[in-house]
Amino acid sequence: MASPAEHFDLLALGIGVNVKLLIDRPDGTYCFREKKDRVYYISERLLHLAQTVKPDNLIAAGTCFGKFTKTNKFRLHITALTYIAPYAPYKIWVKPSAEQQFLYGHHIIKSGLGRITENTPKHHGVVVYTMSDIPIGFGVASRTTAECRHADPLATIVFHQADVGEYIRSEDTLT
Amino acid sequence: MGRKAKFDETKKVKKGPGRKARKQPDPVFKKELLEDDTTEKKLTHRQKQRAAKRAKKKAELVEKRKALKQAKKNVAKQKEVTINDEGDNSSDEETPQGFTDDNKEWLKPKQKGKQKEKSKPKTYKSESEDEVDEEDDSGNEDDDGSEMEVDSDDDTSGKKKVGGEKYKVGTLDDLFKDSDNENGEASSEDEGADSGGKLEYDSDSSAAEKYSDEDEDEDDDDDDDMLPIEKANIKLKKKQKIDKQLADEELQLNIAKQDVFAFPSEEELQNPASLQDVHQRIKDVVTVLGDFNRLKEEGRSRCEYTDLLLKDLCTYYSYNEFLMEVLMQIFPVQELVEFLEASETARPVTIRTNSLKTRRRDLAQALINRGVNLDPVGKWSKVGLVVYSSTVPIGATPEYLAGHYILQGASSFLPVMALAPQENERILDMCAAPGGKASHIAAIMKNTGTLFANDANKERTKAIVGNFHRLGVVNAVICNHDGREFPDVMKGFDRVLLDAPCTGTGVIAKDPSVKTTKDQKDIQRCFNIQRQLLLAAIDCCSAKSSTGGYIVYSTCSILPEENEWVVNYALKRRNVKLVPTGLDFGTEGFVKYRHHRFHPSLKLTRRFYPHTHNMDGFYVAKLKKFSNVIPEPFKDEDDEEIDGKTTEKATENGDVDGDSDEEKPKSESKKPVKRPASADSAQPQQKKAKPNVQVKPNVQAKPNVQAKSNVQAKSNVQAKSNVQAKSNVKAKSNVQAKLKGQPKPATENKPQVENKVQPLDNISKKKKKNKKNKNKQNVAQTDNVKSPNTSVNTSQSPNAQGKKKKKNKNKPANK
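For every chain, the first residue of its written sequence is number 1, and the numbers climb from 1 along that sequence. All chains are assigned letters beginning with A, and all ligands numbers beginning with 1, in the order in which they are written. Selection of residues for local features in this predicted model requires a pLDDT of at least 70, selection of side-chain atom pairs for listing and counting requires 80 or more, and totals for whole chains, interfaces and linings are taken over all residues.

**Q** Account for the overall build of chain A, naming residues and giving values.
**A** The helix count covers DSSP runs of H or I at least four residues long, the strand count covers runs of E at least two residues long, and both are numbered beginning at the N terminus. A count of helices and strands for chain A gives seven helices and eleven strands. Whether a residue is buried, exposed or partly exposed follows from its count of other C-beta atoms within 10 Å of its own C-beta, namely 20 or more, 12 or fewer, or something in between, respectively; the C-beta atoms are built from the backbone. A burial count over chain A gives 38% of its 175 residues as buried. Placing C-beta atoms from the backbone, we regard two residues as in contact once those atoms come within 7 Å. By sequence separation, contacts in chain A at least 24 residues apart represent 54% of the contacts at least 6 residues apart.

**Q** Before we move on, can you summarise the overall build of chain B with the specific residues and values?
**A** When helices and strands are tallied, chain B shows 32 helices and 15 strands. Residues classed as buried in chain B amount to 41% of the 815 residues present. Pairs at least 24 apart in sequence give 75% of the contacts found in chain B among residues at least 6 apart.

**Q** Any chance you could break down the interface of chain B and chain A for me, citing the residues and the numbers?
**A** Each partner contributes to the interface: chain B provides 25 residues, whereas chain A provides 31 residues. Among the elements of the structure, α16 (398-401), α19 (458-471) and β7 (476-479) of chain B are those that each provide at least two residues to the side of chain B that touches chain A. At seven residues, the largest contribution of residues to the side of chain B that touches chain A is made by α19(B). Residues that form the side of chain B that touches chain A fall into these classes: 13 nonpolar, eight polar and four charged. In this description, strands pair whenever DSSP reports at least two bridges between them. By the bridge criterion, three bridges tie strand β3 (residues 58-61) of chain A to β7(B) in an arrangement that is antiparallel. Residue polarity is assigned by list, with Asp, Glu, Lys and Arg as charged and Ala, Val, Leu, Ile, Met, Phe, Trp, Tyr, Cys and Pro as nonpolar; anything else, Gly included, falls into the polar class.

**Q** Hey, could you go over the confidence of the model for chain B for me, with residue numbers and the actual values?
**A** Residue and element names in this part refer to chain B. pLDDT is a residue-level measure of predictor confidence that goes from 0 to 100. Per-residue confidence for chain B gives a mean pLDDT of 69; residues scoring 70 or more make up 54%. Segment residues 85-98: pLDDT under 50, and 24 contacts once partners within four positions in sequence are set aside and those in other chains are kept. This stretch, residues 636-815, has a pLDDT under 50; its non-local contacts, to residues over four places away or in other chains, come to 269 contacts. Per the prediction output, this complex has pTM 0.59; the corresponding ipTM is 0.93.

**Q** For the sheet that holds strand β3 (residues 384-390) of chain B, give the residues involved together with the corresponding values.
**A** Residues and elements named next belong to chain B. Judged by pairing direction, the sheet is antiparallel, and its four strands sit side by side in the order β2-β3-β1-β4 without closing on themselves. In the strand order of this sheet, the two ends are held by β2 (372-376) and β4 (405-407), each with one partner. Direction aside, neighbouring strands of the sheet carry axes that sit 35 degrees apart on average. Pairing analysis gives four bridges linking strand β1 (residues 349-353) to β3, with the strands arranged antiparallel. Directly across from V349, in β3, lies its bridge partner V387. What counts as an axis is a line fitted to C-alpha atoms, over the stretch in contact for a helix, and the angles between N-to-C directions run from 0 to 180 degrees.

**Q** Outline the sheet that holds strand β4 (residues 63-68) of chain A, listing residues and values.
**A** Residue and element names in this part refer to chain A. Pairing is antiparallel across the open sheet formed by four strands, whose spatial order is β1-β2-β4-β5. Whereas interior strands pair on both sides, the edge strands pair on one side only; in this sheet they are β1 (30-35) and β5 (74-76). Looking at each pair of strands side by side, their axes are set apart by 30 degrees on average, direction ignored. As paired strands, strand β2 (residues 38-43) and β4 are joined by four bridges and run antiparallel to one another. Following the sheet pairing, Y40 is matched in β4 by C64.

**Q** Before we move on, could you go through the nonpolar core and cite the residues and values that matter?
**A** Core analysis: the biggest nonpolar cluster contains 150 residues, and A:V128, B:I478, B:V496, B:L498, B:A537 and B:I551 have the highest contact counts within it. A per-element tally of this core places helix α22 (residues 520-540) of chain B first, with eleven residues. To count as a nonpolar core, a set of buried Ala, Val, Leu, Ile, Met, Phe, Trp, Tyr and Cys residues must be joined through C-beta atoms within 7 Å.

Have a look at this one:
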């Protein structure tokens, strides 16, 4: 069982200091609960109700954030996007021509890069948006913003982690 | 979008700042261009002169014509007088027929002769000829414009003529020899005419020829005062008229021929015809059935026609006979064909905007930019869009993946709209997969409150998870229970949506396998499960909820067995009443269906058909729970109750009283006739009853099972009335004794426990089996309470699981 600390570290990678906004909410207490290696973000109120359902029969409650792998590493799932996107400090926008590539699970290359947040550090989590501001996934920046400017058109800018295409591609493994 | 020209100067356009700070002034036109049509130009001198000349000429012409006419009339009068003298059939009608030209001498007698010849075989043809003659004459005297009028009056004048002819026939006897004479005259005159360079006038020439001949005669009359072009015009008009008349005649003949639909012979039925022939035959039979008394073939009964229709429909639309028979009982033939036709074509693709993430307008704009052609689904929905065509896969656009919309049939909006969820409520969707309706509920609740999405199939719950996360639903708990056990898990929901598994007869377009695979047993299995689910749904709901206490029951089937009957069943067993669904369209639910007589309030439920509403066949009923007390179950007559014959007391769903008990035994007798499969179920049911009561009902039950003749049914009823009185008392005492627990003597229950638990377990998760064994008796009791009909299942227990699968298969269809 991974420690909650580790989990939060990873989360923080994605959304930084804003993670505390997820815990301290004005509209009730929310918490993270782990069930069958999956981590769910759920309000206390909903949690109490969900507890009446036998664990065997409970499929999911609240929002699934990710899962612990067999090697006890935490992996964010695309299902967490609902919460990550609004709080993400670093964003990247892809051109319409590159949307499809990303939705099929490919990395983002320089030529598909539309916009990028200033001062994005290397190897920090970024949320990927379309040019019409629809979040379509997240990944890890492989270069800083400055480096991107001078990068080769075919160089990878963002490593793919998760994209909304997974709702179709791997529906079974989401939970 | 250009400037608006001010053609009309009278209307002043208000000046003022518009969107543009500086507006372009209205264009100004020259006076000449704005010339008004109404003012008349002054004529020049020459023009005036010419006009005067024209007028003078015209006047002269009119004068000339008048004079001519006068002369002709005089001649005609003289002629008439001579005819009268002859003493022939000088009826009043003849007089205006006088020919007014120089040919009158030979024309008149000829015509008369013709009439006499034809008056004996009074065919349509002769009538029409007469008509035409008359018309021609009148056309002569009046102006040519009168032709139209005459045309329209054809029928009436024809009838009049018939009357006239009759009169003539009456006089024929006396004047027989005269007519001979006349004929002779006519022929001689004919010759004369021929010699005179006129046209041949054979009596046997076709009608058209004659018409044209006469026309020419007339034309000759007016030769003097008409321009050639006028003559040509008149000729053309006449010709057109004749053509039209001939065409009409032909049409009449054709219709007369078509009207008679020949019932196919045995061999014809044996040898399969081509599909087109079958289709034509279907049409014919439908028309025959539409006006049976007039169109039927002598000696054929309605049954024969309906049987033929049934077979043809099965062939043409490839249904199995059972399902077609059921459908024929639901729809009148005309509507049935429409329904079948509509079931062949898929409904338009509709999508539902996810109001949690976007607005419909924004979504529509985004999709239009992607090359999707769409429109709002209708006034009744604020979130639906119809997709007409699309250049991209509508289920894989970035908007779809980002959860801005979900593909959902228009009919699937309805139950959720009927449920009308409120914010901060606790709501249960009992059969939620794949989560379309459930996510709609969550969207309406704006992610507040709690939504329980349950589905019995674990594989399909994954679809719920995927859809919920995609659509951003965060207030949901997704669980995997058998819906019938859900009251054990949790109760006290404000609203419950039960979109029950069904045979899918409303969504045949989506899953054509329904046509051939469904039979009586499938339907029976479905409605048994539906009843249990509905009772469970009602149990889950809380009547004490301040905002809710509503249950919505919906299916994508159109069979009353799965809809009205199920609701009717629940009305009797729980403290619920029907309330309006809040859907302002759709047809009312059935109150009568074959031998069933449902509760009158079932009118409040709504049916939707593919052919009338252009959405999948659907049924929606909204129930309000007004008491959490579960009435003493009418265990004994559950099966019997199955019959809708029970004329419900309005009270019965409200009060805990035995009224409905009494009714049920009666119906029992009929039930087996209709649905034989349930006949044997009566027996086990009786066991449940209290020992005292038990004895008598058993007696009743037996005759039912053995033979279902009406006589026995009657005797049953009589016997029952006695029993009922007693059982009533019993039932009431039961109510008092045990409101909920129903502590039953174990001995009574035992046989049933074995019967019923088995099928149930088969259906439910196998895991549970072990655990349940301990509680087996309790379970059995509750199940009995819920639906004694499970006994029917015992016979089908091996199939139970297969059915479960089927039900699941059908489910996605309406999502």
